[in-house]
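Here is how the chains run, residue by residue.
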Amino acid sequence: MFSRVKIKELLANYTLGDTVTVMGWVRTFRNNQFIALNDGSVLTNLQIVVDFENMDAELLKKITTGAAIKAVGEVIASQGKGQAIEIKAKEVEVLGVCDPEVYPLQPKKHSLEFLREIAHLRPRTNTFSAVFRVRHQLAMAIHQFFHNKGFVYMHSPIITGSDAEGAGEMFRVTTLPLDKLPKTEEGHIDFKKDFFGKSTNLTVSGQLEAELAALALSEVYTFGPTFRAENSNTSRHLAEFWMIEPEVAFADLNDNMDLAEGLLKYCIGQVIEHCAEDLEFLEGRLLDEEKQKPQNERSEMSLREKLQFCLNNDFQRLTYTEAIDILKNSTPNKKGKFNYPIEAWGADLQSEHERYLVEKHFGKPVILTDYPKAIKAFYMRVNEDNNTVRAMDILFPGIGEIVGGSQREERLDVLMARMEEMHIPLEEMQWFLDTRKFGTCPHAGFGLGFERLVQFVTGMSNIRDVIPFPRFPGSAEF
Ligand code: 4AD
Ligand code: MG
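Residues numbered from 1 in each chain as written. Chains lettered and ligands numbered in written order. Predicted model: local features only at pLDDT ≥ 70, side-chain atom pairs only at ≥ 80, totals over all residues. Heavy atoms only, no water.

## Notes on the packing of aromatic side chains
- All chains considered together, the criterion is met by 18 aromatic pairs.
- When the centroid spacing of 4.9 Å and the interplanar angle of 50 degrees are considered together, the rings of Phe146 and Phe151 count as tilted. Each member of the pair, Phe146 as well as Phe151, carries the same accessibility label: buried.
- Between Phe469 and Phe478, the aromatic rings sit 5.7 Å apart at their centres with planes inclined by 45 degrees, giving tilted as the arrangement.
- The exposure class assigned to Phe469 is partly exposed, which follows from its relative accessible area of 36%.
- These aromatic residues form a ring-pair network of at least three members: Phe145, Phe146, Phe151, Tyr153, Tyr221 and Tyr266.
- The aromatic ring of Tyr371 is capped on one face by Lys376, whose charged end is 4.2 Å from the ring centroid.
- One Lys or Arg, Arg464, reaches over the ring of Phe472 and ends 3.5 Å from the middle of that ring. (Phe/Tyr/Trp six-rings, centres within 6.5 Å; stacked < 30°, edge-to-face > 60°. Buried < 20%, exposed > 50% of the residue type's maximum accessible area, 1.4 Å probe, protein only. Lys NZ or Arg CZ within 6 Å of the ring centre and 35° of its normal.)

## Re the sheet that holds strand 9 (residues 200-202)
- Here we have three strands laid out as an open sheet, ordered 7-9-8, and antiparallel in their pairing. Because the sheet does not close on itself, it has two edges, and the strands there are strand 7 (159-160) and strand 8 (172-173).
- Relative to strand 9, strand 7 is paired through two bridges, and the arrangement is antiparallel. By the bridge assignment for strand 9, Ile159 is matched with Leu202. (Pairing = 2+ DSSP bridges. Helix = DSSP H or I, 4+ residues; strand = E, 2+ residues; numbered from the N terminus.)

## Describing the site of ligand 1
- Surrounding ligand 1, one finds 24 residues, the nearest of these being Glu165, Gln207, Glu230, Glu245 and Glu401.
- Bound to the protein, ligand 1 loses 93% of the 630 Å² it would expose on its own.
- Going through the elements one at a time, strand 11 (240-249), strand 15 (400-407) and strand 16 (443-449) are the ones with two or more residues in the shell around ligand 1.
- Take the shell around ligand 1: its biggest share by element is five residues, from strand 15.
- For the shell around ligand 1, the per-class residue count stands at eight nonpolar, eight polar and eight charged. (Near = heavy atom within 4 Å. Areas by Shrake-Rupley, 256 points an atom, 1.4 Å probe, with all protein chains shown as cover. Nonpolar A, V, L, I, M, F, W, Y, C, P; charged D, E, K, R; others polar.)

## Description of the sheet that holds strand 2 (residues 34-38)
- Around the barrel, five strands lie side by side as 1-2-3-5-4; this closed barrel has mixed pairing. Pairs of neighbouring strands in the sheet enclose a mean axial angle of 55 degrees, with direction left out of account. (Axes fitted to C-alpha atoms, helices over the stretch in contact; angles between N-to-C directions.)

## With respect to the domain arrangement of the protein
- Split by domain assignment, the protein resolves into domain 1 (7-105) and domain 2 (124-169 + 204-465).
- Computed from C-alpha coordinates alone, the two centres of domain 1 and domain 2 are separated by 44 Å.
- The interface of domain 1 with domain 2 comprises 10 residues on the first partner and eight residues on the second.
- With both sides pooled, the region where domain 1 packs onto domain 2 buries about 830 Å², and carbon together with sulfur makes up 45% of that total.
- Ranking the residues of domain 1 by area buried against domain 2 places Arg27, Leu43 and Leu105 at the top, with a combined share of 60%.
- Run the count over domain 1 and domain 2 and you get zero salt bridges.
- If you look at where domain 1 meets domain 2, you find six residue pairs in polar contact (both at pLDDT 80 or more).
- Each residue belonging to the side of domain 1 that touches domain 2 can be placed in one class, and the counts come to five nonpolar, four polar and one charged. (Domains from an automatic or database assignment. Contact = heavy atoms within 4.5 Å. Buried area = accessible area lost by both parts, 1.4 Å probe. Salt bridge = Lys/Arg side-chain N within 4 Å of Asp/Glu carboxyl O. Polar contact = N/O pair within 3.5 Å; in protein donor to acceptor, adjacent residues only side chain to side chain.)

## Re the pairing of strand 1 (residues 19-30)
- Pairing between strand 1 and strand 4 (residues 68-77): seven bridges, direction antiparallel. Looking at strand 4, one finds that Trp25 is bridged to Ala68.
- As paired strands, strand 1 and strand 2 are joined by five bridges and run antiparallel to one another. Of the residues in strand 2, the one forming a bridge with Arg30 is Phe34.
- In this structure, the hairpin formed by strand 1 and strand 2 is closed by a connection of three residues, where Asn31 is found at a positive phi of approximately 55 degrees.

## Topic: the nonpolar core
- If you look at the biggest cluster of nonpolar residues, it comprises 88 residues, and the most contacted ones within it are Ile48, Phe396 and Val457.
- Looking at which element gives the most residues to this core, the answer is helix 4 (residues 126-148), with 11 residues.
- Phe338, Met380, Leu395 and Leu433 belong to the second-largest nonpolar core, a separate cluster that totals 33 residues. (Core = buried A, V, L, I, M, F, W, Y, C linked by side-chain atoms within 4.5 Å.)

## Here we look at the environment of Asp325
- With respect to the element layout, Asp325 can be found in helix 9 (residues 320-328).
- On the basis of relative accessible area, Asp325 is assigned to the partly exposed category, the value being 41%.
- Put simply, Asp325 and Gln79 are 246 residues apart on the chain and 64 Å apart in space, counted from C-alpha to C-alpha.

Encoded structure:
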């Protein structure tokens with residue numbers, strides 16, 4: 001019954017005169033005659049021409065926007081413009097009706113805010129189907145890139161007992177009764193009675209486990225969901241996001257930067273190669289969106305120009321210290337335009353600073369290295385100066401930080417001292433410290449925020465529009 005040809009395959013390879021079966025959802029039905037059918041395999045709708053004079057009136061009435069239908073018919077050359085072929089229907093069957101009076105998706109433009117409220121239906125729109133096809137292509141590209149280089153895909157745990165970033169932004173996982181928490185003699189919650197016999201949370205990063213694996217398999221990567229209970233209501237933050245975390249033994253920060261730049265360029269190249277139609281559509285969408293903005297806030301490059309530009313240019317590499325000098329002397333800093341003025345070395349960079357460097361000063365992606373150790377995680381390798389660490393952040397136009405990584409502290413004594421300084425409980429991290437005790441070696445890795453990459457490539461301005469079901473403070477619908 002469900003033998004059909006997908007619209008993408010049909011458009012790519014057809015023979016006039018063949019009889020084919022297609023299935024999909026009606027986008028529009030014009031003049032009781034022309035169905036625009038979409039099955040999600042491709043952006044383009046397929047036109048189905050029905051012979052309404054010889055069709056049952058009850059059936060005709062059920063062909064409405066949103067209905068699922070099956071159509072059997074002959075492939076003919078299209079009379080109309082904009083399409084090579086259409087289907088002259090011999091038979092139409094309505095598989096699932098859709099009452100147009102209550103169907104929230106009308107054949108017109110809806111705002112992204114409205115569509116977010118009906119995230120269960122938004123994949124039926126051109127914008128979201130394009131975004132999700134590109135998201136898929138990016139996921140494939142990531143696996144392909146690492147597979148081609150001989151990396152092993154490692155599945156890091158989702159439930160952990162540790163805080164990999166030491167930032168304390170964790171969602172607790174527990175089966176303890178919240179209304180009757182068991183207490184220890186000292187009056188603390190008794191996690192020995194919890195499901196795992198200890199306190200657990202959703203992972204904020206798979207890095208620590210990836211490090212364990214890299215110190216055995218040399219080159220590994222993780223690609224999975226990560227969770228942060230940070231109360232950030234921005235267009236760049238999600239409470240649940242996907243992260244790609246490669247970890248490489250016998251590698252330093254330069255190798256790490258080369259790997260990250262290579263990965264980003266490969267992913268962008270794959271989308272340009274395989275998602276041409278979707279990219280063209282998304283570029284047009286972005287152009288329309290930008291027309292609403294004042295001239296000086298519009299980007300100078302179109303979406304595809306921007307992607308091409310990233311491919312063709314080396315990312316600008318500089319140290320945090322050099323960046324601070326640039327920022328200190330920048331016009332917006334001198335004129336008091338930054339919300340967080342840069343006064344001294346040691347300041348944490350805000351997204352306004354990152355965007356100034358990328359969009360105004362260099363006009364291309366930037367890799368910042370060697371940050372002050374005080375503003376970075378405990379596992380980063382301490383430099384000779386004992387003041388900075390071998391960190392790297394990659395900053396992208398319109399996005400800000402897209403990658404965060406570092407060379408790791410492989411020296412047991414230095415690592416333990418750092419952990420003590422930062423109040424990371426050593427007893428609970430014995431398994432991690434074991435790697436430094438037994439055959440430690442220089443190694444490095446990074447985390448790429450998958451949704452930020454999808455945002456960059458699709459030109460979507462809000463991160464909530466590049467993941468099917470976004471989770472953010474106050475919202476876990478669907
Ligand atoms: O810079 P972060 O916190 O680094 C780590 O988690 C390291 N353990 C990675 C590693 O070295 N293996 O996060 C890495 C990236 C960020 O650069 C950003 O792209 C993304 O993850 N990210 C988020 N994306 C969406 N929503 C959030 N709340 C994010 N927090 C981080
Ligand atoms: Mg970071």
